[in-house]
Amino acid sequence: PETLPSNRRQSLSLQSLVRSYRAILSHKKAMGLNLCAAFSYGCLFAFISGSPYLYIEYFGVDPENYGYLFGCNILMVMLVSFLNSRLVIRFGAQTLLFAGALVQLVFVLYLLLVSWFKIGGLMGTVIPIIPCIGMIGMISANTTASALAYFPGASGTAAGVLGICRFGAAGLASAAVGIMHDGSNRVMPVIMCICILISFLSLTGIAKVRSFAPERE
């Protein structure tokens, strides 16, 4: 049965849907949060697309051991998601969101540096990737909660826009890794870095989240 109060329900007419989409797409702060999450996902899918070549072919990791390296990133996402669920009540979504985005930016720049100058070998690449991917657990949860809070009467439509943008950015990043593949160790880190730069600039420039201070009501 429908649990939403009758005064907050919307009709399924084309006019109401168009109105809802227009309101969501024109909301600057919500779309800034949306783009932040979307290109953070782009970083993830660039890694998913590029890491088999980078780890197995470039660094010579045995295929049966690739799963362990990949799994470290998933474990980090799970750990960060768990910590976020415990810390968000104390510090607030905006504080954790900015912290996660900043950590992700620092590590992806470090990844680009070690990849470009070929420093540290396999572990020099694996180590910065793990926290970079792990922060998605913090960024995704807090951008979703913050963006949906602006649309209490159209949360389903807003969630749909979030999903489309995220998988759109993910598709673009995956395609870019494939198209730009040149046999080097630089393509995946470059695409990951571009995604995170767009993500961070969307957060700070469009959504105006520029500090650890909680958002004022």
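Refer to the structure above for everything that follows.
Please read all numbers here as calculations on a predicted model, not as lab measurements.

Asks: Tell me about the overall build of the protein, and please be specific about residues and values.
Replies: Helix and strand counts for the protein come out as eight helices and zero strands. The helix and strand sequence of the protein, counted from the amino end, reads α-α-α-α-α-α-α-α. Whereas a compact globule of 217 residues would reach a radius of gyration of roughly 17 Å, the protein reaches 19 Å, a difference of no more than 12%. In terms of overall dimensions, the protein has C-alpha extents of about 60 × 40 × 35 Å along its principal axes. For the protein, the residues scored as buried account for 43% of the 217 residues in total. Within the protein, contacts between residues at least 6 apart in sequence are counted, and of these 81% link residues at least 24 apart. Summing over all exposed atoms, the protein offers an accessible surface of approximately 11200 Å²; the carbon and sulfur share of this is 68%. A gap of 18 Å separates the mean positions of the 14 positive and 7 negative side-chain charges of the protein.

Asks: Could you give an account of the packing of aromatic side chains, with specific residues and numbers?
Replies: Using the criterion set out here, one finds nine aromatic pairs in the structure. On the basis of an interplanar angle of 75° and a centroid distance of 6.3 Å, the ring pair of F45 and F167 is categorised as edge-to-face. Separated by 122 residues along the polypeptide, F45 in helix α2 (residues 28-58) and F167 in helix α7 (residues 155-180) bring together distant segments of the chain. A residue is classified by how much of its surface remains accessible, and F45, at 23% relative accessible area, is partly exposed. The interplanar angle of 15° and the centroid separation of 5.6 Å between the aromatic rings of F47 and F70 together place this pair among those described as stacked.

Asks: Explain a nonpolar patch on the surface to me, using residue names and the numbers behind them.
Replies: Taken together, L79, F82, L83, L87 and F91 make up a surface patch of nonpolar side chains, about 410 Å² in accessible area. Accessibility expressed as a relative area gives 43% for L79, which makes it partly exposed.

What counts and how
- Residues numbered from 1 in each chain as written.
- Predicted model: local features only at pLDDT ≥ 70, side-chain atom pairs only at ≥ 80, totals over all residues.
- Heavy atoms only, no water.
- Helix = DSSP H or I, 4+ residues; strand = E, 2+ residues; numbered from the N terminus.
- Rg over C-alpha atoms; globule rule 2.2 N^0.38 Å.
- Buried < 20%, exposed > 50% of the residue type's maximum accessible area, 1.4 Å probe, protein only.
- Contact = heavy atoms within 4.5 Å.
- Areas by Shrake-Rupley, 256 points an atom, 1.4 Å probe, with all protein chains shown as cover.
- Lys, Arg positive; Asp, Glu negative; His and termini not counted.
- Charge placed at Lys NZ, Arg CZ, Asp CG, Glu CD.
- Phe/Tyr/Trp six-rings, centres within 6.5 Å; stacked < 30°, edge-to-face > 60°.
- Patch = residues over 30% accessible without salt bridge, like charges linked within 9 Å, V, L, I, M, F, W, Y side chains within 5 Å.
- Salt bridge = Lys/Arg side-chain N within 4 Å of Asp/Glu carboxyl O.

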